[in-house]
Amino acid sequence: MQSILFSRRQRFFLGFSAGLVAGIVASLLMILFSLLLNTVSLPEVLGSTITQFMPPALFQSLHEFFGPDAKRYLFYIILVGQCLIFALGGGLCNLLLSQSRYSALSDKEGHLRWAVGFWLAGILWLLTGLVFLPVTGAGLFGVSLPAGALNTMATLAAVGLFFGLSFVFVQNWLLLRHLQTLGAVKQDEVVEASLSRRTILTRGGLWVGAAALGVLAWRFISSGVGSGGQTLSGSSASEVQQSYKAKVEPVPAPAYDGDFSQIAGLSPEITTNDQFYQVSKNLSSDPSINANGWNMTIYGEIEQPYTLNYTQLQALPMKQQYETLMCISNEVGGQYISNALWEGIPLSDLLAKAGKIKPGATKVVLYASDDYSDSIHLAKALEPTTLVAVRMNGVPLPSEHGYPARLLVPGIYGMKHVKWITKIEVVNTDYQGYWQNRGWSDPAPIRMTSRIDTPNGLQPLKAGMPTYIAGLAFSGNKGISEVDLSLDAGKTWQPTKLKKPFSDLTWVLWEMPWQPKAGSYTLVVRAIDKEGNVQDPASASPAPDGSSGYHSITVTVS
Ligand SMILES: Nc1nc2c(c(=O)[nH]1)N[C@H]1C(S)=C(S)[C@@H](COP(=O)(O)O)O[C@H]1N2
Ligand SMILES: [Mo]
């Protein structure tokens, strides 16, 4: 770039701007590819590395601060960072090109030749494949990513080329505009350039980018769920803890009520598939798998390893099971809990088909197509309620819930319910899965929880008007024998009516009719399981073992 019109700063800024625009469009293209074709997404790779090396305490406080949306913010931050790196690359490129030995790459006004785009693409391709991906642990050109190295090479080349060529195009266009404002180019030349076919193509590209951004935004918004309420705090919490007994004897017989009414504001007993909470480690895109090419291999410390395709899997005897899933990062009173009717093949049957399990085997590892994995102990794997599920509420598993096959393992947190299974390995080591490498519990037994769904502050409460207090309670696979409610911040308790649940693997709905006098009330709920264990009142955040404490809400009746 030999133009005398520009200072070094201006040249840098010009390249930075062009790099930013090209970088945004190229990043959107990368995300669009990864959404549609499951190709590499660099923000995803970096996010996974960052969470792996983040100290658990920092992870915890970010989670507390941003809530369940933390992963989305992380994704946005990385994405912005990626665009800034593209922009920086553009700026530096211009500074480099201003040296006279590169004068062949631009004309005397500073317009870049297309060759610059190819050079940029090549350099980025090599840096990403040989440096960035290996450093994040994804291997040379992403060999250890689910998409594989060849696919990643091709994707990076396509995105890189798109960036390089858009960079040249945008920079030349900006330059033209700039020269025009300086009066160096005649007005009609600019008009002509702005109507050129290349411009129209770029505009098309920008529209595609904008549409992709819209799709993404919509996905994030539509999958977002918040959590409400509070845990009991301050003096009332210590009062509750003083009177707390960990276990009650005899265990109360559940008082199921046939007249249990479905009240407005109370969660439906079965969550519909589209209302079912949704969680995955994936920052931007979850796998969408075609069952035709899918199969599942069962191998490891077992005599006859084998592989099944989808048709073969579905032909095996299946079992129906109502089960509630809860995420380990669910806060007390939170929304990351749902209940469905599942159908699947007992894992013990699948293992039995592979012959004898070798002595010394300790765990079963489930691998998934999004590079996620987790393990369960062999004894847990052989429990009759541990299933490889293929159906949910009467239809094949929806894609976001693990199609074509996911694990169901009652009694432990949702993270162990591996979705999009590809391989099942019997091992004789103490395998640690994706979240365990990030500091979360490995055995991960569900901590008993209960929630007040209504009142929820949406309807005003009038003195003397009959209403209901209602919600749910969940103990993993132990069943619920009693749910108690306190109207006075935990000083006194009374048992509520329970709805008979479909199984001991699900949540239990509870309710209590209420005709309040005017005043302010602190409602608190606690549950007792069928072994007589009382819900733990000590308040704990989700990391690393799951949350505990009592859900409590304060309401005013006027
Ligand atoms: N392959 C895969 N399986 C996964 C996850 C994931 O990120 N990848 N997330 C887990 C977590 S943390 C939870 S809570 C449950 C959520 O299941 P759902 O989205 O069907 O409710 O899936 C689990 N299985
Ligand atoms: Mo989870």
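Please refer to the structure placed before this passage.
It should be emphasised that the depicted structure is a prediction, and the values quoted were computed from it without experimental measurement.

Draft legend 1. Geometry of the pairing of strand S2 (residues 295-300). Where S2 lies against strand S3 (residues 306-309), four bridges are found, and the strand directions are antiparallel. Opposite Ile298, over in S3, you have Tyr306 as the bridge partner. The hairpin formed by S2 and S3 contains five residues between the paired strands. Here S2 runs beside strand S11 (residues 421-427); their pairing, made up of four bridges, is parallel. Looking at the pairing, Thr297 lines up with Lys423 of S11.

Draft legend 2. Spatial organisation of the pattern of salt bridges. Taken as a whole, this structure holds twelve salt bridges when the rule is applied. Across the pair Arg526 and Asp484 runs a salt bridge whose closest N-O atoms are separated by 2.9 Å. Of this pair, Arg526 sits in strand S18 (residues 519-529) while Asp484 sits in strand S14 (residues 480-486); the two residues are 42 residues apart in sequence, bridging distant segments of the chain. Using a relative accessible area of 17% as the deciding quantity, one classes Arg526 as buried.

Draft legend 3. Main features of the site of ligand 1. Around ligand 1 there are 19 residues in total, and Tyr277, Lys281, His401, Arg406 and Lys419 lie nearest to it. Between ligand 1 and the protein, one listed contact pairs an oxygen atom with a side-chain N or O atom of Arg406 at 2.7 Å. A distance of 3.1 Å is found between a nitrogen atom of ligand 1 and a backbone nitrogen or oxygen belonging to His417. Burial of ligand 1 by the protein chains amounts to 99% of its free accessible area of 530 Å². Classifying every residue of the shell around ligand 1 gives ten nonpolar, five polar and four charged.

Draft legend 4. Expanded view of the sheet that holds strand S13 (residues 467-474). Read from one edge to the other, the open sheet built from four strands follows the order S12-S13-S17-S16, with strand pairing classed as antiparallel. The open sheet has two edge strands with one neighbour each: strand S12 (449-454) and strand S16 (497-498). Inspection of the sheet shows S12 paired to S13 by five bridges, in the antiparallel sense. Directly across from Ser450, in S13, lies its bridge partner Ala473.

Draft legend 5. Here's a closer look at the packing of aromatic side chains. By the definition in use, this model includes 17 aromatic pairs. Here Trp125 and Phe141 contribute two aromatic rings whose centre-to-centre distance is 4.6 Å and whose plane-to-plane angle is 45°, an arrangement assigned as tilted. In this pair, Trp125 sits in helix H5 (residues 114-135) while Phe141 sits in the loop between H5 and helix H6 (149-181), placing the two residues 16 residues apart along the sequence. Between Phe276 and Trp342, the ring centres sit 5.6 Å apart and the planes meet at 85°, which makes this aromatic pair edge-to-face. With Phe276 in the loop between helix H9 (234-242) and S2 and Trp342 in strand S5 (residues 337-346), this residue pair connects regions lying 66 residues apart in the sequence. Here Phe276 matches Trp342 in class, with each residue buried.

Draft legend 6. Main features of the packing of helix H1 (residues 8-37) against H6. Here H1 crosses H6 at 145°, and the two axes come no closer than 8 Å. The hand of the H1/H6 crossing is right-handed. Of the residues belonging to the contact of H1 with H6, the class tally is 18 nonpolar, seven polar and no charged.

Draft legend 7. Broad picture of the sheet that holds strand S6 (residues 363-368). On the basis of which strands lie adjacent, the open sheet formed by five strands has the order S3-S2-S11-S6-S7 and mixed pairing. On the outer flanks of this sheet lie S3 and strand S7 (373-377), each paired with one strand and no other. Neighbour-to-neighbour, the strand axes of this sheet turn through a mean angle of 15°, independent of strand direction.

Draft legend 8. Quick peek at unusual backbone geometry. Each neighbour pair has its own omega, and for Tyr403 with Pro404 the value is 5°, a cis peptide bond. With respect to the element layout, Pro404 can be found in the loop between strand S9 (395-396) and strand S10 (406-408). One non-glycine residue with positive phi stands out, namely Ala444, at about 50°. Inspection of the secondary structure assignment puts Ala444 in the loop between S11 and S12. For Ala444, a relative accessible area of 0% puts it in the buried group.

Draft legend 9. Looking closely at the environment of Ala121. Within the secondary structure, Ala121 is located in helix H5. A residue is classified by how much of its surface remains accessible, and Ala121, at 6% relative accessible area, is buried. Along the backbone, Ala121 and Leu165 are 44 residues apart, and their C-alpha atoms lie at a distance of 8.2 Å.

Draft legend 10. Fine view of the environment of Gly439. Locating Gly439 in the fold gives a position in the loop between S11 and S12. Of the residues examined, Gly439 reaches a relative accessible area of 37% and is grouped as partly exposed. For the pair Gly439 and Pro55, spaced 384 residues apart in the sequence, the C-alpha separation amounts to 8.4 Å.

Draft legend 11. Molecular detail of the environment of Ser280. Relative to the helices and strands, Ser280 resides in the loop between H9 and S2. By relative accessible area, Ser280 is classed as buried at 12%. Placed 90 residues apart in sequence, Ser280 and Asp370 show a C-alpha to C-alpha distance of 9.5 Å. Other than its neighbours up to four places away in sequence, Ser280 contacts Lys71, Asp286, Lys419 and Trp420. A polar side-chain atom of Ser280 sits 3.1 Å from the main-chain amide nitrogen of Asn282. For Ser280, the side chain forms a polar contact with the side chain of Asp286, separated by 2.7 Å.

Draft legend 12. Summary view of a nonpolar patch on the surface. Taken together, the side chains of Trp119, Ile123, Leu126, Leu127, Leu130, Val131, Val135, Leu140 and Val143 make up a nonpolar region of the molecular surface, amounting to roughly 910 Å² of accessible area. Take Val131: it is sitting in helix H5.

Cut-offs applied
- Residues numbered from 1 in each chain as written.
- Chains lettered and ligands numbered in written order.
- Predicted model: local features only at pLDDT ≥ 70, side-chain atom pairs only at ≥ 80, totals over all residues.
- Heavy atoms only, no water.
- Pairing = 2+ DSSP bridges.
- Helix = DSSP H or I, 4+ residues; strand = E, 2+ residues; numbered from the N terminus.
- Salt bridge = Lys/Arg side-chain N within 4 Å of Asp/Glu carboxyl O.
- Buried < 20%, exposed > 50% of the residue type's maximum accessible area, 1.4 Å probe, protein only.
- Near = heavy atom within 4 Å.
- Polar contact = N/O pair within 3.5 Å; in protein donor to acceptor, adjacent residues only side chain to side chain.
- Areas by Shrake-Rupley, 256 points an atom, 1.4 Å probe, with all protein chains shown as cover.
- Nonpolar A, V, L, I, M, F, W, Y, C, P; charged D, E, K, R; others polar.
- Phe/Tyr/Trp six-rings, centres within 6.5 Å; stacked < 30°, edge-to-face > 60°.
- Axes fitted to C-alpha atoms, helices over the stretch in contact; angles between N-to-C directions.
- Left-handed = near helix turned anticlockwise from the far one by under 90°.
- Contact = heavy atoms within 4.5 Å.
- Patch = residues over 30% accessible without salt bridge, like charges linked within 9 Å, V, L, I, M, F, W, Y side chains within 5 Å.

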